[in-house]
Amino acid sequence: MIGLQAKTARVVRDKKEVDILIEEVQVGNIIRVRPGEKIPVDGVIIEGDSSVDESMVTGESIPVDKTKGDTIIGATMNKSGTFLYKATKVGKDTMLAQIIKLVEEAQGSKAPVQRLADIISSYFVPIVIMLAIGTFVVWYIFGPSPSFLFAMLNMVAVLIIACPCAMGLATPTAIMVGTGLGANNGILIKDAEALELAHKVNTIIFDKTGTLTKGKPEVTDIISVNKLKENGILKFAAAIEKGSEHSLAEAIVKAAESKQLVVSAVEGFRAIAGHGVEGIIHGDKIILGNRRFMNRERVSMASVSEQISLLENSGKTVMMLAIDSKLEGLIAVADTIKENADEAISLLQKMRINVFMITGDNKRTAFAIAKQVGIKKENVLAEVLPQEKEKNVKKLQSTNYKLKPGLVGFVGDGINDAPALAAADVGIAMGSGTDVAIEVADIILINKDLRSVAKAINLSKKTMKTIKLNLFWAFGYNVILIPVAMGVLYPFAKILLNPIFASFAMAMSSISVVTNSLLLKRVKI
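This structure is a prediction, so every number in the text was calculated from the model and none was measured.

Remarks on the side chain of Gln397
Piece 1. Locating Gln397 in the fold gives a position in helix 14 (residues 386-403).
Piece 2. Once you skip the residues sitting within four places of it in the chain, Gln397 turns out to touch Val408, Ala423, Ala424 and Asp425.

Take a look at the structure:
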């Protein structure tokens with residue numbers, strides 16, 4: 001994770017800009033950041049303004065406008081604009097260093113699962129040895145002549161019939177088939193522990209940005225206010241935004257390109273930080289921006305104020321297009337939900353799993369997304385920072401363990417999700433996620449389909465059912481045949497179990513366990 005930070009910083013010394021290694025940056029240094037560069041360390045802007053992509057930390061997909069006096073976070077990306085800032089936190093004190101520390105602590109605190117087969121075997125083997133010795137002694141003292149031969153054959157039969165091969169194969173064969181079945185369905189299970197734990201999950205927390213949503217803003221609504229039609233509004237907006245580096249501009253330009261609209265050339269383009277953009281097209285002054293920009297340019301929005309509020313309450317960012325100080329249309333941009341996200345949540349809820357959503361985004365946007373996918377409002381955790389994500393996971397874990405036995409799963413894809421993924425009982429990462437999230441997670445959804453979360457839990461249930469059936473058969477076989485091998489039927493029916501037949505029965509037990517495990521391949525998840 002430490003590789004995510006910038007390698008160097010451009011520090012201002014004696015009115016000159018000098019590139020130095022990130023390790024040499026000290027608190028109080030003045031640092032210059034240019035467009036497209038990573039911010040080296042945490043600090044406060046002292047000159048200039050820009051738009052910064054903080055999705056790594058906050059989870060908010062839309063870049064945040066920053067100006068003098070605003071706090072910025074190291075390792076986040078400067079999208080547009082050049083600024084100077086004063087370093088306030090370096091080294092182990094930065095936000096990224098704190099995230100790394102949280103991940104390491106969470107990974108180190110995970111308790112290993114005690115395997116059922118190991119527990120049974122730890123008692124079973126000593127008992128069998130004692131029974132074998134007891135068999136030899138009883139047959140040697142009380143058995144018919146030749147007593148030593150009878151004692152030796154029966155003791156050997158007990159040891160052969162009780163050989164815990166089937167018990168040893170019960171778990172690994174089912175795990176092997178289960179993980180293979182998962183891989184065939186686009187679910188990569190990194191270890192057996194995750195497969196054993198997943199079926200116990202009764203609470204799942206989904207990250208919003210990049211997990212439930214696509215993580216990239218898209219144009220969702222174009223509303224005509226005056227004579228200009230929807231395509232005309234988009235055409236003007238794309239023309240003027242083509243010169244902008246803001247991510248919202250990229251969404252508008254892409255929307256125009258998808259409709260194959262030909263945009264006009266713009267003269268006198270100017271971007272006003274925190275407001276919008278303006279320029280001249282065919283002699284008309286075009287402005288595109290937020291409410292503040294419209295108010296500054298004295299553009300009336302009275303006729304559409306309700307529509308704007310409705311769109312904003314749906315978690316969308318609304319931009320107004322005005323031509324020569326007259327409002328022509330509205331363009332709404334939002335991070336849209338992924339395909340099958342609502343179906344995935346519904347599947348989990350039908351399995352009686354409590355579903356939460358967690359995000360660093362604002363409450364208004366969070367509630368809007370939650371409503372679209374079917375998550376209860378009271379299960380939405382908004383405006384949460386990375387270290388708080390981990391705390392929320394631990395809080396739900398403590399509640400779960402006390403009220404009703406059950407584990408907490410976390411589904412995420414970003415660097416900011418890493419501490420929570422590591423802290424959760426079962427961490428699930430999207431295959432399209434960051435390397436850090438994939439490294440920390442227990443299960444990876446290679447197919448990028450959120451419905452696979454429910455499939456992974458179902459697979460865990462089916463696999464554990466197979467393991468328990470295997471163990472029941474292996475243990476039951478021993479319980480039934482060990483007394484026969486000891487010779488309990490001899491006084492009544494003169495029946496003894498020959499060691500050769502004992503070997504055959506032991507082999508058949510192992511074959512039955514392997515066959516039962518292979519039947520798992522036919523299961524639909």
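Next comes the rest of the write-up.
What to know about the UniProt feature "transmembrane region" (unreviewed entry) in the protein chain
Piece 1. Within this structure's numbering, the places UniProt gives as "transmembrane region" (unreviewed entry) are residues 123-142, 148-170, 471-493 and 499-520.
Piece 2. Within the segment residues 123-142, helix and strand shares are 100% and 0% respectively, and the terminal C-alpha atoms sit 28 Å apart.
Piece 3. Taken end to end, residues 471-493 is 87% helix and 0% strand, and its first and last C-alpha atoms sit 30 Å apart.

Brief notes about a nonpolar patch on the surface
Piece 1. A contiguous nonpolar surface patch, about 1000 Å² in accessible area, is contributed by Val125, Ile129, Ile133, Val137, Val138, Tyr140, Ile141, Phe142, Phe148, Met152 and Leu159.
Piece 2. Looking at the nonpolar patch, the elements with two or more residues in it are helix 3 (116-142) and helix 4 (147-161).
Piece 3. For the nonpolar patch, the element with the highest residue contribution is helix 3, accounting for eight residues.
Piece 4. Relative to the elements of secondary structure, Phe148 occurs in helix 4.

As for helix 13 (residues 363-373)
An α-helix turns once per 3.6 residues; consequently, residues spaced three or four apart project the same way.
Piece 1. For helix 13, the complete set of buried residues consists of Thr365, Ala366, Ala368, Ile369, Ala370 and Val373.
Piece 2. Gly374 sits one or two residues past helix 13 and shows a positive phi near 95°.

As for the sheet that holds strand 15 (residues 284-289)
Piece 1. The six strands are arranged 12-17-16-15-14-13 in an open sheet whose pairing can be described as antiparallel. Only two strands of the sheet have a single neighbouring strand rather than two, namely strand 12 (213-224) and strand 13 (267-272). Going across the sheet, the axis of each strand differs from the next one's by a mean of 15°, ignoring polarity.
Piece 2. Here strand 15 runs beside strand 16 (residues 317-323); their pairing, made up of four bridges, is antiparallel. Within the sheet, the bridge partner assigned to Ile286 lies in strand 16 and is Ile323.

Let's talk about the sheet that holds strand 6 (residues 64-66)
For sheets, the rule is that strands pair by backbone hydrogen bonds, running either parallel or antiparallel.
Piece 1. On the basis of which strands lie adjacent, the open sheet formed by three strands has the order 6-5-8 and antiparallel pairing. Here the strands that pair on one side only, and so sit at the sheet edges, are strand 6 and strand 8 (77-80). This sheet shows a mean twist of 40° between the axes of neighbouring strands, independent of strand direction.
Piece 2. By the bridge criterion, three bridges tie strand 5 (residues 50-53) to strand 8 in an arrangement that is antiparallel. Residue pairing in the sheet places Val52 in a bridge with Asn78 of strand 8.

Some thoughts on the environment of Thr213
Piece 1. Tracing the chain through its elements places Thr213 in strand 12.
Piece 2. Along the backbone, Thr213 and Ile223 are ten residues apart, and their C-alpha atoms lie at a distance of 23 Å.
Piece 3. Among residues more than four places away in sequence, those in contact with Thr213 are Lys208, Asp335, Thr336, Ile337, Lys338 and Ile369.
Piece 4. Side chain to side chain, Thr213 and Asp335 meet in a polar contact 2.6 Å long.

Digging into the packing of helix 5 (residues 165-184) against helix 17 (residues 452-486)
Piece 1. Here helix 5 crosses helix 17 at 160°, and the two axes come no closer than 9 Å. As the angle between them shows, helix 5 and helix 17 are arranged roughly antiparallel. Regarding helix 5 and helix 17, the two cross each other, and that crossing is right-handed. Contact residues: Ala166, Met167, Ala170, Thr171, Thr173, Ala174, Ile175, Gly178, Leu181 and Gly182 in helix 5; Leu459, Thr463, Thr466, Ile467, Asn470, Leu471, Ala474, Phe475 and Asn478 in helix 17.
Piece 2. Tallied by class, the residues present in the contact of helix 5 with helix 17 amount to eleven nonpolar, eight polar and no charged.

Notes on the packing of aromatic side chains
By convention here, two paired aromatic rings are described through the distance between centres and the angle between planes.
Piece 1. Evaluated as defined, the whole model comprises eight aromatic pairs.
Piece 2. Ring centres 5.8 Å apart and planes at 5° place the aromatic pair Phe136 and Tyr140 in the stacked group. Within this pair, Phe136 and its partner Tyr140 are both found in helix 3, separated by four residues, close to a single helical turn.
Piece 3. The exposure class of Tyr140 is partly exposed, given its relative accessible area of 45%.
Piece 4. A ring pair is formed by Trp473 and Tyr477, whose centres lie 6.4 Å apart and whose planes are at 35°; its orientation type is tilted.

Here we look at the nonpolar core
Piece 1. Core analysis: the largest hydrophobic core is formed by 67 residues, its most contacted members being Ile161, Ile204, Phe206, Leu212, Leu348, Ile375 and Ile443.
Piece 2. When residues of this core are assigned to their parent elements, the largest contribution, 13 residues, is made by helix 17.
Piece 3. Setting aside residues no more than four positions away along its own chain, Phe206 makes contact with Thr211, Leu212, Ile345, Leu348, Val355, Phe356, Met357, Ile358, Val411, Leu450 and Val453.
Piece 4. Core analysis: the second largest hydrophobic core is formed by 23 residues, Ile222, Ala238, Ile252 and Ala255 among them.

What to know about the environment of Phe206
Piece 1. As for its position among the elements, Phe206 is in strand 11 (residues 201-207).
Piece 2. Remark: the alpha-carbon pair of Phe206 and Val355, spanning 149 residues in sequence, is separated by 7.5 Å.

Some remarks on the pairing of strand 4 (residues 42-48)
Piece 1. Where strand 4 lies against strand 9 (residues 83-89), six bridges are found, and the strand directions are antiparallel. Counterpart to Val44 in the pairing with strand 9 is Lys86.
Piece 2. The sheet contact formed by strand 4 and strand 7 (residues 71-72) spans two bridges and is antiparallel. Each residue of the ladder has a partner; that of Gly43, found in strand 7, is Ile72.

Thoughts on helix 11 (residues 305-313)
Piece 1. Every buried residue of helix 11 is accounted for by Ile308, Leu311 and Glu312. Each buried residue of helix 11 sits inside an arc of 100° when the element is viewed along its axis, so together they form one side. Exposed and facing more than 90 degrees away from the buried side of helix 11 are Glu306, Leu310 and Asn313.
Piece 2. Where the residues of helix 11 are buried, they touch strand 12, helix 10 (291-296), strand 16, strand 17 (326-337) and helix 13.
Piece 3. The positive-phi residue at the C-terminal boundary of helix 11 is Gly315, with phi of around 80°.

Procedures and definitions
- Residues numbered from 1 in each chain as written.
- Predicted model: local features only at pLDDT ≥ 70, side-chain atom pairs only at ≥ 80, totals over all residues.
- Heavy atoms only, no water.
- Helix = DSSP H or I, 4+ residues; strand = E, 2+ residues; numbered from the N terminus.
- Contact = heavy atoms within 4.5 Å.
- UniProt positions renumbered as here; feature names shortened; annotations may be inferred.
- Patch = residues over 30% accessible without salt bridge, like charges linked within 9 Å, V, L, I, M, F, W, Y side chains within 5 Å.
- Areas by Shrake-Rupley, 256 points an atom, 1.4 Å probe, with all protein chains shown as cover.
- Salt bridge = Lys/Arg side-chain N within 4 Å of Asp/Glu carboxyl O.
- Buried < 20%, exposed > 50% of the residue type's maximum accessible area, 1.4 Å probe, protein only.
- Pairing = 2+ DSSP bridges.
- Axes fitted to C-alpha atoms, helices over the stretch in contact; angles between N-to-C directions.
- Polar contact = N/O pair within 3.5 Å; in protein donor to acceptor, adjacent residues only side chain to side chain.
- Parallel < 35°, antiparallel > 145°, perpendicular 65-115°, else oblique.
- Left-handed = near helix turned anticlockwise from the far one by under 90°.
- Nonpolar A, V, L, I, M, F, W, Y, C, P; charged D, E, K, R; others polar.
- Phe/Tyr/Trp six-rings, centres within 6.5 Å; stacked < 30°, edge-to-face > 60°.
- Core = buried A, V, L, I, M, F, W, Y, C linked by side-chain atoms within 4.5 Å.
- Arc of directions from axis to C-beta.

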